[in-house]
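Commentary on secondary and tertiary structure
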There are 2 protein chains.
Amino acid sequence: MGITKTEIFTDEQNKLAVQLKAIAHPARIAILQHIIAAKACICGDLADELGLAQPTISQHLKELKNAGLIQGTIEGVSVCYCIEPKAWANLQKELNVLFSSYKDLNSCC
Amino acid sequence: MGITKTEIFTDEQNKLAVQLKAIAHPARIAILQHIIAAKACICGDLADELGLAQPTISQHLKELKNAGLIQGTIEGVSVCYCIEPKAWANLQKELNVLFSSYKDLNSCC
DNA sequence: AATATATATTGCAATATTACGATTAATGTA
DNA sequence: TACATTAATCGTAATATTGCAATATATATT
């Protein structure tokens with residue numbers, strides 16, 4: 001078919017998948033890194049820095065925003081994007097739970 | 001176009017994106033959780049447990065393996081899949097670097 | 001009000017992903 | 001060797017993503 005069967009998974013699994021998908025693109029990783037380093041937080045600057053067209057950056061920002069990972073504040077004619085602290089911390093926690101649940105011991109092969 | 005411009009990003013950004021993409025699907029999250037909890041580590045069992053067809057699980061396992069996150073050991077007629085410890089630890093580290101690089105202080109908005 | 005600047009949206013073509021039935025390949029057992 | 005069991009691959013249809021040019025929207029300035 002081609003459509004993910006979200007109904008057979010838990011809300012946690014689906015939400016984690018959605019947020020990871022938002023990060024799982026090199027351009028969006030680069031955008032997040034730039035925002036965090038405060039090198040650039042507005043669309044046009046990011047487009048210049050990363051070498052992608054303005055509409056492309058705008059779309060990536062939209063996806064990150066839809067996933068709740070960043071927030072935008074209107075500043076005159078431009079928009080300043082930055083990390084959404086709660087979602088960021090929550091995702092970090094969820095990932096830690098997943099990654100820490102594995103101990104080298106319980107490997108069966 | 002529709003093709004990611006990997007050449008304008010660093011190897012680290014691209015690799016991280018690939019591995020995150022591998023995890024960024026509810027079925028693959030569920031598979032990893034099952035493998036870690038040692039509830040099931042063979043294709044058929046996972047198919048039964050998760051309610052997806054055997055070829056579908058096989059494809060998801062292949063993607064996780066391609067990303068280097070799991071490894072498969074042939075055990076008679078079946079294959080036991082488990083976490084690839086090094087890649088797992090490395091990804092955990094990379095994610096920690098990314099997530100920890102953000103401090104609530106340096107938000108510009 | 002007209003102009004400049006910055007972001008968002010639309011539309012499109014190329015590509016990638018998702019899921020599964022049918023089939024094939026590989027190992028173990030009678 | 002024939003048969004059973006399990007995993008992988010192939011083929012296909014549906015859907016989603018990626019990137020950009022063109023355009024629209026929104027705010028600031030003159």
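Remember, predicted model here, so these are calculated numbers, not experimental data. (Residues numbered from 1 in each chain as written. Chains lettered and ligands numbered in written order. Predicted model: local features only at pLDDT ≥ 70, side-chain atom pairs only at ≥ 80, totals over all residues. Heavy atoms only, no water.)

1. Notes on the packing of helix α3 (residues 43–50) of chain B against helix α4 (residues 54–66) of chain B
Residues and elements named next belong to chain B. Let me state the cut-off plainly: Between N-to-C directions, angles span 0 to 180 degrees; the directions come from axes that are lines fitted to C-alpha atoms, helices contributing only their stretch in contact. Working definition: helices are DSSP H or I runs of at least four residues, strands are E runs of at least two. Numbering for both runs from the N terminus. Here the word oblique covers every angle except those under 35 degrees (roughly parallel), over 145 (roughly antiparallel) and from 65 to 115 (roughly perpendicular). Handedness of a helix crossing follows the sense of rotation of the near helix relative to the far helix, less than a right angle counterclockwise being left-handed and clockwise being right-handed. By definition, residues are in contact when any of their heavy atoms lie within 4.5 Å. Charged residues are taken to be Asp, Glu, Lys and Arg, nonpolar residues to be Ala, Val, Leu, Ile, Met, Phe, Trp, Tyr, Cys and Pro, and polar residues to be all remaining types, Gly included.
The interhelical angle for the contact between α3 and α4, taken along N-to-C directions, is 115 degrees, at an axis separation of 9 Å. With respect to α4, the element α3 is oriented roughly perpendicular. Crossing angle aside, the handedness with which α3 passes α4 is right-handed. Contact with α3, carried on its side by Cys43, Leu46, Ala47 and Leu50, involves Gln54, Ile57, Ser58 and Leu61 of α4 and no other residues of that element. Class assignment of the residues belonging to the contact of α3 with α4 gives a composition of six nonpolar, two polar and no charged.

2. Thoughts on the pattern of salt bridges
All names here are of chain B. As a reminder of what qualifies: Any Lys or Arg side-chain nitrogen found within 4 Å of a carboxyl oxygen on Asp or Glu counts as a salt bridge.
Counting across every chain of the model gives two salt bridges over all chains. A salt bridge links Arg28 to Glu63; the nearest nitrogen and oxygen atoms lie 3.5 Å apart. Of this pair, Arg28 sits in helix α2 (residues 26–36) while Glu63 sits in helix α4, and the two are 35 residues apart along the sequence.

3. What about the relation of the copies chain A and chain B?
Our working rule: Our superposition of the copies is a least-squares fit, built on the C-alpha atoms of residues whose pLDDT is at least 70 in both.
Take chain A, turn it by 180 degrees, move it 0.0 Å along the axis, and it overlays chain B with an RMSD of 0.0 Å. In symmetry terms, the pair is related by a two-fold rotation axis. Of all interface residues in chain A, 100% are interface residues in chain B too; the two copies therefore contact each other through one and the same surface.

4. Some points on the environment of Gly76 of chain B
Residue and element names in this part refer to chain B. Definition in use: Exposed residues in this analysis have more than 50% of their type's maximum accessible area, buried residues have under 20%, and partly exposed residues fall in between, with area computed by a 1.4 Å probe over protein chains only.
Considering the arrangement of structural elements, one finds Gly76 in the loop between β1 (70–75) and β2 (78–83). Look at Gly76 and you get exposed, because its relative accessible area is 69%. Distance in space between the C-alpha atoms of Gly76 and Ala37 is 22 Å, their sequence separation being 39 residues.

5. Structural notes on the pairing of β1 of chain B
Residues and elements named next belong to chain B. Stated formally: Strand pairing is assigned whenever DSSP detects at least two bridges linking the two strands.
One ladder, built from six bridges, connects β1 with β2; its direction is antiparallel. Residue pairing across strands places Gly72 opposite Tyr81, the latter belonging to β2. Between the antiparallel neighbours β1 and β2 lie two residues, among them Gly76 with a positive phi of about 65 degrees.

6. Re helix α2 (residues 26–36) of chain A
Every α-helical turn comprises 3.6 residues, leaving residues that sit three or four positions apart pointing alike. Residues and elements named next belong to chain A. Where burial is concerned, most of α2 is hidden: 10 out of the 11 residues are buried. Buried within α2 are the following residues: Pro26, Ala27, Arg28, Ile29, Ala30, Ile31, Leu32, His34, Ile35 and Ile36. Ala38 lies just past α2 and shows a positive phi near 60 degrees.

7. Looking at the environment of Asp11 of chain B
Tracing the sequence through the fold places Asp11 of chain B in helix α1 (residues 11–23). Distance in space between the C-alpha atoms of Asp11 of chain B and Lys39 of chain B is 35 Å, their sequence separation being 28 residues.

8. Quick word on the interface of chain A and chain B
Test applied: Summed over both partners, the accessible area lost on bringing two parts together, with a 1.4 Å probe, is the buried area.
With 44 residues of chain A in contact, the opposing surface of chain B contributes 44 residues. Between chain A and chain B, a total of about 4000 Å² is buried, with carbon and sulfur atoms accounting for 74% of that surface. Considering only the side of chain A, the residues that lose the most area to chain B are Phe99, Tyr102 and Cys109 of chain A, jointly responsible for 17% of the buried surface there. For the pair chain A and chain B, the number of links is zero salt bridges. Those elements that place two or more of their residues in the side of chain A that touches chain B are α1 (11–23), α2, β1 (70–75), β2 (78–83) and α5 (85–100) of chain A. With nine residues, α5 of chain A is the single largest residue contributor to the side of chain A that touches chain B. Residue classes in the side of chain A that touches chain B are distributed as 28 nonpolar, 12 polar and four charged.

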